[in-house]
Amino acid sequence: MPQRYIKLQKEKEKCATMPTYTGTCYCRAVKYNLDLKTPQDARTSLCHCHNCKKAYGNYAITVKVPLSCFKYTESPTLKKHSMDNGSGKVLNREFCGECGSFICDYGDAAKNDFRYVLLGTIDEPGVHDEIFKPQGEFYISQRMKWFPPIPGG
Ligand SMILES: [Zn+2]
Ligand SMILES: [Zn+2]
């Protein structure tokens with residue numbers, strides 16, 4: 001068997017073993033599945049922008065995933081809020097209308113391609129997986145002065 005074929009075969013097997021992660025809001029009315037094809041589909045980052053501070057209380061930790069990997073399995077109480085809060089960019093946030101948990105957000109430019117899923121909504125033990133470790137930070141200029149930079153970010 002040619003070397004390259006073996007390598008491709010191995011990559012295929014690795015992808016096939018990716019688990020389906022599940023996520024829920026605080027009251028568990030909203031449920032979703034995260035079906036990542038590869039670990040690289042998940043890109044976790046912190047955002048320190050003013051919009052995230054208003055919405056999430058301070059910074060946000062979100063996992064950027066392709067929209068095709070993210071599916072609601074139950075969402076009777078799901079609500080959506082879309083607004084430009086003065087940044088010149090419309091932000092869309094999806095949340096549980098019953099308990100108020102944010103599930104994901106996305107700018108208008110990303111709406112057909114990506115979701116930024118709030119890390120804390122992914123059910124344990126998924127949130128502890130290495131692939132969800134933050135890899136970067138956004139809007140560092142708006143980061144709280146006392147907040148340390150993330151390692152390797
Ligand atoms: Zn809820
Ligand atoms: Zn932000």
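Residues numbered from 1 in each chain as written. Chains lettered and ligands numbered in written order. Predicted model: local features only at pLDDT ≥ 70, side-chain atom pairs only at ≥ 80, totals over all residues.

The protein is annotated in an unreviewed UniProt entry as CENP-V/GFA domain-containing protein of Tetrapyrgos nigripes. Per UniProt, the comment on the protein under Sequence similarities (unreviewed entry) is "Belongs to the Gfa family." (UniProt positions renumbered as here; feature names shortened; annotations may be inferred.)

Draft legend 1. The overall build of the protein, seen in detail. In terms of helices and strands, the protein carries two helices and 10 strands. Listed N to C, the secondary structure of the protein is α-β-β-β-α-β-β-β-β-β-β-β in terms of helices and strands. The proportion of buried residues among the 153 residues of the protein is 24%. For the protein, restricting intrachain contacts to residue pairs at least 6 apart in sequence, the fraction spanning at least 24 positions comes to 56%. (Helix = DSSP H or I, 4+ residues; strand = E, 2+ residues; numbered from the N terminus. Buried ≥ 20, exposed ≤ 12 C-beta atoms within 10 Å, placed from the backbone. Contact = placed C-beta atoms within 7 Å.)

Draft legend 2. Representation of the sheet that holds strand β6 (residues 78-83). As summarised here, the arrangement of the seven strands in space is β6-β7-β8-β9-β4-β3-β10, forming an open sheet in which the pairing is mixed. Two strands bound the open sheet, and with one partner strand each, they are β6 and β10 (136-138). In this sheet, neighbouring strand axes are inclined to one another by 30° on average, regardless of whether the strands run parallel or antiparallel. Direction of pairing for strand β4 (residues 60-66) relative to strand β9 (residues 114-118): antiparallel, over a ladder of five bridges. Following the sheet pairing, V63 is matched in β9 by V117. (Pairing = 2+ DSSP bridges. Axes fitted to C-alpha atoms, helices over the stretch in contact; angles between N-to-C directions.)

Draft legend 3. A look at the sheet that holds strand β1 (residues 21-24). Read from one edge of the open sheet, three strands run β1-β2-β5, paired in antiparallel fashion. Looking at the sheet topology across the chains shown, the edges are occupied by β1 and β5 (70-74). When strand polarity is set aside, the average angle formed by the axes of neighbouring strands in this sheet is 30°. Alignment of strand β2 (residues 31-34) against β5, held across four bridges, turns out to be antiparallel. Of the residues in β5, the one forming a bridge with L34 is F70.

Draft legend 4. Representation of unusual backbone geometry in the model. Here E124 and P125 are connected by a cis peptide whose omega angle stands at 5°. By the secondary structure assignment, P125 is in the loop between β9 and β10. Backbone geometry places R28, a non-glycine residue, at a positive phi of 70°. Structurally, the position occupied by R28 is in the loop between β1 and β2. One non-glycine residue with positive phi stands out, namely Y139, at about 55°. As for its placement among the helices and strands, Y139 is situated in the segment after β10.

Draft legend 5. Structural view of the nonpolar core. Ranked by size, the top nonpolar core spans 28 residues in total, and within it L34, A60, V65, I103, V117 and L118 carry the most contacts. Mapped onto this core, the elements with two or more residues apiece are β2, β3 (43-47), β4, β7 (91-96), β8 (102-107) and β9. Filtering out sequence-adjacent residues up to four positions away, I103 remains in contact with C25, V30, Y32, E94, F95, C96, V117, L118 and T121. (Core = buried A, V, L, I, M, F, W, Y, C linked by C-beta atoms within 7 Å.)

Draft legend 6. Molecular detail of the pairing of β9. A large share of β9 lies buried, amounting to four of its five residues. Examined bridge by bridge, β8 and β9 share two bridges and lie antiparallel to one another. If you follow C104 over to β9, its bridge partner there is V117.

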